[in-house]
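Residue-level listing of the chains:
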Amino acid sequence: MSTFYSHRKLADTMFMEIAGVEYEDFEESQVFEHRPGRTITAEENRLHTLRSADLSMRHADHIFNATVYGGEEMINETLVLSIVTAMTTKTFNKVVANLGWKHIQLPNPVRAGDTIYAESEVLGKRESQSRPTQGVLHIKTRAVNQRGEEVCSFERRLLIYKCGLGPYEAAGY
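All of these numbers come straight from a predicted model, not from anything done at the bench.

So, how was this worked out
Residues numbered from 1 in each chain as written. Predicted model: local features only at pLDDT ≥ 70, side-chain atom pairs only at ≥ 80, totals over all residues. Heavy atoms only, no water. Helix = DSSP H or I, 4+ residues; strand = E, 2+ residues; numbered from the N terminus. Buried < 20%, exposed > 50% of the residue type's maximum accessible area, 1.4 Å probe, protein only. Polar contact = N/O pair within 3.5 Å; in protein donor to acceptor, adjacent residues only side chain to side chain. Contact = heavy atoms within 4.5 Å. 1 Å grid on protein atoms, 1.4 Å probe; cavity = no way out; pocket = protein on both sides within 12 Å on 5 of 7 lines; lining within 4 Å. Points joined across faces, edges and corners; volume = space filled by probe spheres on them.

Draft legend 1. Structural context of the side chain of Asn145. Note on placement: Asn145 falls in strand S6 (residues 134-145). With relative accessibility at 2%, the residue Asn145 sits in the buried group. At 2.9 Å, the side chain of Asn145 forms a polar contact with the backbone nitrogen of Arg147. One polar contact links Asn145 to Glu149, side chain to side chain, over a distance of 2.7 Å. Excluding its chain neighbours within four sequence positions, the residues that come into contact with Asn145 are Asp114, Thr115, Ile116, Tyr117 and Val151.

Printed below as a string of structure tokens:
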């Protein structure tokens, strides 16, 4: 095979992975699974808690956590939201800006060692009213753990470049 939808041919036997799906290729009701899954460790949870200056006792005070919760390491909700959003990057990589999140839900806790999997559904798309080289996607992202329990969901609007109109080709992407 000489060409792939996911890669651009650079030479006879050399290909470059394409960053993201083109705006024009998105359609309402499409669902994209974001892979690979992501296993979250206790150590990255501790580092996130330190970096974000989160002072919630469940995450910052191990004595409190051991006394009240038996020491079970629960993953910080802001880290879960961040990781789930990052998991969508490969699909929605031609984004100009995130225009906002809404309906963020974290119905079940994520524990250290859990692996989460995410998928996004396109709820709608439209041309940008003020930027003719861009469009707006409305997506809903949902994440489940290895047991199939939903751990995070949110809706988001993304401003995304149209085919060939962003900085990607000029940057060699």
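Draft legend 2. Unusual backbone geometry, seen in detail. For the bond from Arg35 to Pro36, the omega torsion is 5 degrees, close enough to zero to count as cis. Mapped onto the elements, Pro36 comes out in strand S3 (residues 31-39). Even without being a glycine, Ser29 presents a positive backbone phi close to 80 degrees. Within the secondary structure, Ser29 is located in the loop between strand S2 (14-17) and S3. On the accessibility criterion, Ser29 (51% relative accessible area) is exposed. For Ala53, which is not a glycine, the phi torsion comes out positive at approximately 60 degrees.

Draft legend 3. The arrangement of the layout of surface pockets in detail. A volume near 380 Å³ is recorded for the largest pocket. Lining the largest pocket are 17 residues, with Ile18, Gly20, Val21, Lys90 and Thr91 positioned closest to its centre. Elements with a contribution of two residues or more to the lining of the largest pocket: S3 and helix H4 (77-87). The element contributing the most residues to the lining of the largest pocket is S3, with five residues.

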